[in-house]
Amino acid sequence: LTIEKLATDLTWEMILDGSWQSTTFKAYNLNAMGRPTTGGHLHPLLKVREEFRQIFFEMGFTEMPTNQYVESSFWNFDTLFQAQQHPARDSHDTFFIKSPATTKAIPADFMEATKAIHETGGFGSIGYKYEWQEEEARKNILRTHTTAVSSRMLYKLAKEGSGKPAKYFSIDRVYRNETLDATHLAEFHQIEGLVADYDLNLGHLIGMLKEFFRRLGMTQLRFKPAYNPYTEPSMEVFAFHEGLGKWIEVGNSGVFRPEMLRPMGFDERMTVIAWGLSLERPTMIKYGLSNIRDLVGHKVDLAVVQSNPICRLDK
Ligand code: FB9
């Protein structure tokens, strides 16, 4: 007739004084639901990045090593045949590193070949006809595009001299000293793909873009002539987005110039097609975000990160 409070825990005191022997313990309820485990949650950007990585892997691409945010102007601009007077190289557009302000590690022979292609041209090019400055090339910056990594990988491929084709991709952070607004921050993730092989042309690039964006669920593409310092011809890529019911810009593309490839040591038959887009734009569209501060930064609602659905880009 008495209600005895049953013990739920075996304590060290009970073991010490032997009271566990006379204590009645509550029976285990093995059907009780366990406490919900709160695991980690992938950020939307990382979910979308994984989708893009899988698409590239399925298409036979190899991921480039992008874990170097600080880059020299040499690899970020000069090897891409981007003139030293180009406005994008100004501090209004690029973050320069105070310390170490310059790099020592530039391959001497490649620097000479890059200097020559800028100053006097070569391989059929007339160059830019200006006095190329080594100290300008040695300035350290936060990379403004992952094309700097593509340049390093292509130089390595040229040095191997195998003439083997290659398909590389990168998805990582890049930095531009730009005016911030609802859809632009000074840091974003660039996605870049490139194919190196003999005698590639715009038709190959268009075909590659159609296959890539088809895997993103976008089958209607349009191409508009554009300009990049390092690709000729270049195209802006537009796609009809079924969900939004309108045409949207989905990236930029082109054929790397001989002035970039020949100084690396490639023979004239080796051609490289490439394209780029951002990670933030598709992520914001996918998750219905209009302000990039709802996606990255200190104002992000972590409950959204924990609750938002998995990402399937082609469904
Ligand atoms: O990502 C962009 N748009 C986009 C991409 C995918 C997408 O997916 C759908 C939902 C499923 C939707 C939209 N853009 C490129 C286009 C615009 O957003 C543009 O206004 C902003 N661009 C950025 C530039 O920012 C300064 C996006 C970013 C961009 C642009 C060009 C490149 C990379 C990123 C490039 C390149 C390139 C060119 C030639 C050779 C190698 C690389």
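Just so it is clear, the model here is predicted, and its values are computed rather than measured.

I'd like a rundown of a negative patch on the surface, residues and numbers included.
A cluster of acidic residues, Asp90, Asp93, Glu178 and Asp181, forms a negative patch on the protein surface. With respect to the helices and strands, Asp90 occurs in the loop between helix 3 (73–76) and helix 4 (108–119). Residue Asp90 is classed as partly exposed on the basis of its relative accessible area of 32%.

Describe in detail the site of the ligand, supporting the description with residues and values.
The ligand sits among 24 residues. The nearest are Arg176, Glu249, Leu277, Ser278 and Arg281. Contact between the ligand and Glu249: a nitrogen atom at 3.0 Å from a main-chain N or O atom of the residue. Side-chain polar atom of Arg281 to an oxygen atom of the ligand: 3.3 Å apart, as the coordinates give it. In the complex, the protein chains occlude 87% of the 850 Å² of accessible area that the ligand would expose alone. Elements that contribute at least two residues to the shell around the ligand include exactly strand 5 (187–198), strand 7 (231–241), strand 8 (246–256), strand 9 (270–278) and helix 9 (280–286). Top contributing element to the shell around the ligand by residue count: strand 8, with seven residues. Here the shell around the ligand is built from residues that sort into nine nonpolar, ten polar and five charged.

If you had to explain the sheet that holds strand 5 to someone new, which residues and values would you point to?
Spatially, the seven strands line up as an open sheet ordered 1-4-5-9-8-7-6, and their pairing is mixed. Because the sheet does not close on itself, it has two edges, and the strands there are strand 1 (62–63) and strand 6 (221–228). Pairing between strand 8 and strand 9: four bridges, direction antiparallel. The partner of Asn252 across the bridge, within strand 9, is Gly276. The strands touched by helix 2 (residues 44–58) within the sheet are strand 1, strand 4 (166–175), strand 5 and strand 9, with strand 4 carrying the most contacts at an inclination of about 165°. Strands in contact with helix 7 (residues 202–214) are strand 5, strand 6, strand 7, strand 8 and strand 9; relative to strand 9, the strand with the most contacts, it is inclined by about 35°.

Can you lay out the side chain of Glu51 for me, pointing to particular residues and giving the numbers?
Mapped onto the elements, Glu51 comes out in helix 2. In this view, Glu51 contacts Cys311, Arg312 and Leu313; residues no more than four positions away in its chain are not counted.

With reference to specific residues and values, describe helix 4.
The terminal C-alpha atoms of helix 4, which comprises twelve residues, lie 16 Å apart, in line with the 16 Å expected from a rise of 1.5 Å per residue. Of all the positions in helix 4, only Phe110, Met111, Thr114, Ile117 and His118 are classed as buried. The arc enclosing the buried residues of helix 4, seen along the axis, measures out at 130°, which places them on a common side. Check the buried side of helix 4 and you find it contacts helix 3, helix 5 (134–137), helix 6 (147–160) and helix 8 (258–261). Gly121 occupies a position one or two residues after helix 4 and carries a positive phi of about 80°.

Tell me about the environment of Ala158, and please be specific about residues and values.
Along the polypeptide, Ala158 turns up in helix 6. Considering only alpha carbons, one finds Ala158 and Tyr130, 28 residues apart in sequence, at a separation of 27 Å. For Ala158, the residues in contact, after removing those within four places along its chain, are Met264, Gly265 and Phe266.

Summarise the nonpolar core; cite the residues concerned and give the values.
Of all hydrophobic cores here, the largest spans 36 residues; its most connected members are Phe52, Phe61, Leu209, Phe212, Phe213, Leu216 and Trp275. Breaking this core down by element, the ones donating at least two residues are helix 2, strand 4, strand 5, helix 7, strand 7, strand 8 and strand 9. Membership of the second largest hydrophobic core comes to 30 residues, among which are Leu80, Ala137, Leu194 and Ala274.

Let's hear about the pairing of strand 8: which residues, and what values?
Looking along a regular strand, one sees the side chains alternate between the two faces of the sheet. The sheet contact formed by strand 7 and strand 8 spans nine bridges and is antiparallel. Within the sheet, the bridge partner assigned to Ser234 lies in strand 8 and is Gly254. Connecting strand 7 to the antiparallel partner strand 8 that follows it, the hairpin turn spans four residues, and Gly245 within it adopts a positive phi of roughly 65°.

Could you give an account of the packing of aromatic side chains, naming the residues involved and the relevant values?
For the structure on display, the rule yields 19 aromatic pairs. With centroids separated by 4.2 Å and ring planes inclined at 15°, the aromatic side chains of Phe81 and Tyr128 adopt a geometry described as stacked. Highlighted residues: Phe81 in the loop between helix 3 and helix 4 and Tyr128 in the loop between helix 4 and helix 5, separated in sequence by 47 residues. Here the aromatic rings of Phe240 and Trp247 are separated by 5.8 Å at their centres, their planes lie at 70°, and the arrangement is edge-to-face. Three or more aromatic residues joined by ring pairs make a cluster, and in this case those are Phe52, Phe56, Phe57, Phe61, Phe169, Phe212, Phe213 and Trp275. Taking NZ or CZ as reference, Arg222 lies 3.9 Å from the ring centre of Trp247, over its face.

Criteria and thresholds
- Here the residue index of a chain counts from 1 through its sequence in written order.
- Reporting of local features is limited, given that this is a predicted model, to residues whose pLDDT is at least 70; pairs of side-chain atoms are given and counted only at 80 or more, and all residues count toward the totals for whole chains, interfaces and linings.
- The side-chain figures draw on all heavy atoms in the structure; neither hydrogens nor water molecules are used.
- Patch membership is restricted to residues that have no salt bridge and whose relative accessible area is over 30%. Joining uses 9 Å for like charges and 5 Å for the nonpolar side chains Val, Leu, Ile, Met, Phe, Trp and Tyr.
- Residue-level accessible areas treat just the shown protein chains as cover; the underlying method is Shrake-Rupley with a 1.4 Å probe.
- By salt bridge we mean one thing: a side-chain nitrogen of Lys or Arg within 4 Å of a carboxyl oxygen of Asp or Glu.
- For the purpose of counting charges, residues Lys and Arg are taken to be positive, whereas Asp and Glu are taken to be negative. His and the chain ends are not included.
- Charge positions come from single atoms, namely NZ of Lys, CZ of Arg, CG of Asp or CD of Glu.
- Going along the chain from the N terminus, every DSSP run of H or I of four or more residues is numbered as a helix, and every run of E of two or more is numbered as a strand.
- Relative accessibility under 20% of the residue-type maximum defines a buried residue, over 50% an exposed one, and the middle range a partly exposed one, all with a 1.4 Å probe and only protein chains included.
- We define proximity as follows: a residue is near a molecule or strand when any one of its heavy atoms falls within 4 Å of that partner.
- N or O atoms within 3.5 Å of each other form a polar contact, as long as, within protein, one can give a hydrogen and the other can take it, and as long as residues adjacent in sequence are counted only when both atoms are side-chain atoms.
- Three residue categories are used. Nonpolar comprises Ala, Val, Leu, Ile, Met, Phe, Trp, Tyr, Cys and Pro, charged comprises Asp, Glu, Lys and Arg, and polar comprises the others, including Gly.
- Paired strands are those between which DSSP finds at least two bridges.
- Any two residues whose heavy atoms approach within 4.5 Å are treated as being in contact.
- Every angle, taken between N-to-C directions, lies between 0 and 180 degrees, and every axis is a line fitted to C-alpha atoms, over only the stretch in contact when it is a helix.
- Here the expected length of a helix is defined as 1.5 Å per residue gap, with one fewer gap than residues.
- By arc we mean the arc of the directions from the helix axis to the C-beta atoms, nothing more.
- By nonpolar core we mean a set of buried residues, namely Ala, Val, Leu, Ile, Met, Phe, Trp, Tyr and Cys, connected to one another through side-chain atoms within 4.5 Å.
- Pairing of aromatic side chains here covers Phe, Tyr and the six-membered ring of Trp, requires ring centres within 6.5 Å, and sorts the geometry by plane angle: under 30 degrees stacked, over 60 edge-to-face, intermediate tilted.
- The rule is short: NZ of Lys or CZ of Arg within 6 Å of the ring centre and within 35 degrees of the ring normal puts a charge over the ring.

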